[in-house]
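Single-letter residue listing:
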Amino acid sequence: MAEAKRFYVTTPIYYVNDSPHIGHAYTTLACDVLARFKRLDGFDVMFLTGTDEHGQKVEKSAAAAGVAPQDFTNKVSQNFRDLADFMGFSHDDFIRTTEERHKKACQDIWKRLLERDEIYLGSYAGWYAVRDEAYYAESELTKNADGAFVAPSGAEVEWVEEPSYFFRLSNWGDRLLAWYDENPDCVMPKSRMNEVKSFIKGGLDDLSVSRTSFKWGIPVPGDDDHIMYVWMDALTNYITATGYPDLESDKFKAFWPANLHMVGKDILRFHAIYWPAFLMAAELAPPQRIYAHGWWTNEGEKISKSLGNVIDPIDLVNRYGLDQVRYFLLREVPFGNDGDFSHRAMIGRANSELANDLGNLAQRVLSMIAKNCDGRVPAMDEAAFTADDQKLLGSAHDLLEQVRAHMDAQAFHEALETVWLVIRAANAYVDHQAPWKLRKEDPVRMEQVLYTLAEVIRHVALILQPYMPESCGRMLDQLSIAPEHRSFEASGPAQALKSGTELPKPEGVFPRLVEDAENNEDNG
Ligand code: MSP
């Protein structure tokens with residue numbers, strides 16, 4: 001039997017005490033594009049996002065706001081749902097770690113670990129950074145301007161001593177290294193895999209996995225003085241959503257192990273070391289891949305609340321358009337690398353690549369068809385395609401296979417570059433074939449040329465749907481493509497445009513953006 005086409009992709013669950021910003025939108029956008037791509041490619045997809053609501057930081061923020069932590073998280077978690085809706089994200093589930101299903105999953109994985117002697121009670125003394133929810137070794141610390149010890153992230157640390165349960169992480173180094181060797185693509189990009197391996201080769205200590213110094217968390221089963229370490233709690237969300245602890249549930253059987261955990265580079269260690277170790281120790285399958293993407297800076301500067309340069313994705317979308325922002329974020333920076341956001345680059349790409357390359361191609365071709373072909377898909381004769389026509393059509397037919405390979409490697413920018421090669425070739429073809437001249441000289445040939453172009457536009461719009469759902473939908477509307485013919489099954493000649501099909505009146509899809517000096521001053 002053919003392997004079931006299933007795809008489970010997750011975003012990190014976001015800390016609720018922060019307002020949603022471009023970093024959050026970016027991680028989820030990448031997952032959204034993959035989820036949409038896989039759905040169009042015939043996969044049964046599960047796409048999960050949500051919020052990480054426990055921990056000392058949240059407890060402190062709630063106290064500062066004078067409300068109970070649950071009321072606080074109810075309120076702020078909604079900001080992340082609102083962002084997801086606003087950005088048009090197509091997640092199938094939104095998990096909150098304060099939900100009952102999640103508490104049950106966390107307590108169950110704890111019991112599995114305890115039963116297998118992977119957890120023991122000890123006591124902990126060390127430097128803890130509340131902001132990072134992480135302990136640091138003394139050797140990792142430096143002093144800040146006020147003379148306080150700080151972690152490499154810049155977060156202040158405090159000395160903490162408490163009884164604690166430990167996970168026997170020190171036993172897992174060799175097995176993790178063997179797992180990476182057997183699954184060379186399980187941590188990507190490659191440079192991140194190297195980082196993870198060298199961290200492990202430096203030696204792993206047992207990991208403190210419970211706290212007694214605050215209350216806002218999931219109680220350790222059988223020992224109410226302790227709550228579970230927030231990262232153990234948070235990571236477990238990925239299996240909670242599949243129906244765990246019910247190992248027989250259809251969802252768990254279908255979707256675990258996840259195909260991909262998408263994360264930022266700052267949280268790689270938790271996902272690529274702790275999480276697979278917890279799972280293997282609990283005799284559950286580790287995820288198939290963890291991909292760590294880079295970080296955005298704003299006009300060359302690190303993004304931070306204190307610098308006041310946080311980029312609000314809602315502002316961006318209101319200014320430049322949703323699909324323009326979706327395109328830009330995945331095109332501007334090779335996925336995996338750090339990148340810089342600038343208004344100039346945003347406008348530059350929206351104008352040169354969307355308005356000019358793609359928008360003009362569609363607009364030029366569709367208005368020539370409207371004017372000269374009676375608003376119907378032009379006539380075409382299979383036998384009359386020239387070598388140039390065939391070359392261009394062939395490159396459109398080949399797109400799916402090439403783009404699929406890039407998507408499977410999370411190379412979003414390369415997938416787009418591949419599509420743009422075809423768009424540019426189509427523009428060169430228009431100039432070279434000059435259908436406006438053919439109108440008088442050889443109207444039959446003109447129709448053949450316009451048909452070829454319309455068919456190329458159909459392919460481009462089909463394959464770009466995951467990136468720019470709304471705009472591509474409008475392009476496909478203008479080609480009279482029925483909703484049921486918009487999956488990738490329709491790519492290639494099988495469902496080619498039918499000559500004579502009536503087309504609606506063409507309309508521009510990508511407006512030109514105007515540089516706004518004030519915006520640049522605000523943000524530059
Ligand atoms: N709650 C944890 C994740 C638990 S997953 C089991 C967490 N949350 S977070 O809200 O702080 O961060 C979520 C994501 O946003 C991370 O993937 C992080 O890399 C990403 N980003 C935060 N700032 C960013 C940029 N400036 N640029 C790109 N992504 C950034 O960590």
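The rules behind each value
Residues numbered from 1 in each chain as written. Predicted model: local features only at pLDDT ≥ 70, side-chain atom pairs only at ≥ 80, totals over all residues. Heavy atoms only, no water. pLDDT = per-residue confidence, 0-100. Contact = heavy atoms within 4.5 Å. Salt bridge = Lys/Arg side-chain N within 4 Å of Asp/Glu carboxyl O. Helix = DSSP H or I, 4+ residues; strand = E, 2+ residues; numbered from the N terminus. Buried < 20%, exposed > 50% of the residue type's maximum accessible area, 1.4 Å probe, protein only. Near = heavy atom within 4 Å. Polar contact = N/O pair within 3.5 Å; in protein donor to acceptor, adjacent residues only side chain to side chain. Nonpolar A, V, L, I, M, F, W, Y, C, P; charged D, E, K, R; others polar.

A.B. asks: Residue-level account of the confidence of the model for the protein, with values.
C.D. replies: Within the protein, residue pLDDT values average 95, and 98% of them lie at 70 or more. For residues 518–524, every residue scores under 50 in pLDDT, and the model assigns this stretch 10 contacts once sequence neighbours within four places are set aside.

A.B. asks: Hey, could you go over the pattern of salt bridges for me, with residue numbers and the actual values?
C.D. replies: Counted according to the given criterion, the structure contains 29 salt bridges. Note that Glu-470 and Arg-474 form a salt bridge whose closest N and O atoms lie 3.8 Å from each other. Of the two residues, Glu-470 and Arg-474 both sit in helix α18 (residues 469–478), four residues apart, roughly one turn of that helix. The partly exposed category is assigned to Glu-470, whose relative accessible area is 47%. Its salt-bridge partner being Asp-477, residue Arg-486 comes within 2.7 Å of it at the nearest N-O pair. In this structure Arg-486 comes out as buried when scored by relative accessible area, which is 14%. Three or more residues are tied together by salt bridges with common partners; here these are Arg-331, Asp-357, Glu-417 and Arg-424.

A.B. asks: Give me the site of the ligand: which residues, what numbers.
C.D. replies: Every one of the 23 residues lining the ligand counts as a neighbour, but Ile-13, Asp-52, Gly-264, Asp-266 and Trp-296 are closest to it. Within the side chain of Asp-52, an N or O atom sits 2.7 Å from a nitrogen atom of the ligand. In this structure, an oxygen atom belonging to the ligand sits 2.8 Å away from a main-chain N or O atom of Gly-264. Where the shell around the ligand is concerned, the elements lending two or more residues are β1 (6–15), α1 (22–40), α7 (230–235), α8 (237–240) and β14 (260–264). Sort the elements by how many residues they give to the shell around the ligand and β1 lands first, with four residues. Residues that form the shell around the ligand fall into these classes: 12 nonpolar, nine polar and two charged.

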